[in-house]
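Next come the chains, spelled out residue by residue.
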Amino acid sequence: MLRTSRSASRIGSAVVATAASIVLLTACNSASVPMEPAPDAAAPECAEVSVRLPSTVDGLELRLTNAQATGAWGSPASVLLRCGVPTPGPTTDYCQNLNGIDWVLDDSQAPTYRFTSYGRTPAVEVILDSDVVSGTAVLIDLEDAVEKLPKTGACVGADDVLGSQ
């Protein structure tokens, strides 16, 4: 009879542990930010970016995502990152250099801004809500991760192209 009690106790403990695990996994899944991976998210360079994502950007905490080579910060998510987006070609869009990393700015959905790394392959896309965070602060916080991408080009201006002084 004692064996039965111990067996029942072990089974009960196993059931409780399994139930607790399911609750924790469910909680983690419900807390993750749903995202779509970029076309080249499986590139080894994106893995280098992913492992270097900071725990905070402009004071917002990193959250779990459900897609490879992505990052999200804030609750609700106010900063989204995807590595493996197509590398932008020559453009007349505003391009800024911030601490050695060039970014093309798309402000067509302001106050939501899209920054795409320029002259790095694969490219990184960062979408942020400027009502919540500073674009400059976010990009500086992401610098250590993005600078690991191979540099293949840089922004140039009219003076660079025309040879003006």
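Being a predicted model, the structure only gives us computed values, none of them experimental.

(A) Representation of the overall build of the protein chain within the structure. Along the backbone of the protein chain there are five helices and eight strands. When the 165 residues of the protein chain are sorted by exposure, 32% land in the buried category. Within the structure as shown, the protein chain displays about 9700 Å² of accessible surface, and the carbon and sulfur contribution to it stands at 55%.

(B) Quick peek at unusual backbone geometry. The linkage connecting Ala110 with the following residue, Pro111, adopts the cis geometry, with an omega of 15°. Along the chain, the position of Pro111 falls in the loop between strand E6 (101-109) and strand E7 (112-118). In this chain, Thr121 is followed by Pro122 through a cis amide linkage whose omega measures -5°. With a phi angle near 60°, Ala69 is a residue other than glycine that sits in the positive phi range. Tracing the backbone shows Ala69 in the loop between strand E2 (60-63) and strand E3 (70-73). According to the relative accessible area criterion, Ala69 is buried, its value standing at 8%. Positive phi is not limited to glycine here, since Asn99 has a value of about 55°.

(C) How the structure looks around the side chain of Gln96. With respect to the secondary-structure elements, Gln96 resides in strand E5 (residues 95-98). When its relative accessible area of 17% is taken as the criterion, Gln96 is described as buried. Each residue touching Gln96, except ones within four places of it in the same chain, is listed here: Ile101, Asp102, Trp103, Phe115, Leu139 and Cys155.

(D) Looking closely at the pairing of E6. The pairing of E5 with E6 spans four bridges and is classified as antiparallel. By the bridge assignment for E6, Asn97 is matched with Asp102. A loop of two residues connects E5 with E6, the two strands running antiparallel in sequence, and Asn99 in this loop sits at a positive phi of about 55°. Across six bridges, E6 lies against E7 in antiparallel orientation. Residue pairing in the sheet places Trp103 in a bridge with Ser117 of E7. The antiparallel hairpin formed by E6 and E7 contains two residues in its connecting segment.

(E) Quick peek at the environment of Ile101. For Ile101, the location among the structural elements is in strand E6. The class of Ile101 is buried, set by a relative accessible area of 2%. Distance from Ile101 to Ile140, taken between C-alpha atoms, is 9.3 Å for residues 39 residues apart in sequence. Sequence-distant contacts of Ile101, that is, excluding residues within four places in its chain, are made with Gln96, Arg120, Glu143, Val146 and Glu147.

Cut-offs and rules
Residues numbered from 1 in each chain as written. Predicted model: local features only at pLDDT ≥ 70, side-chain atom pairs only at ≥ 80, totals over all residues. Heavy atoms only, no water. Helix = DSSP H or I, 4+ residues; strand = E, 2+ residues; numbered from the N terminus. Buried < 20%, exposed > 50% of the residue type's maximum accessible area, 1.4 Å probe, protein only. Areas by Shrake-Rupley, 256 points an atom, 1.4 Å probe, with all protein chains shown as cover. Contact = heavy atoms within 4.5 Å. Pairing = 2+ DSSP bridges.

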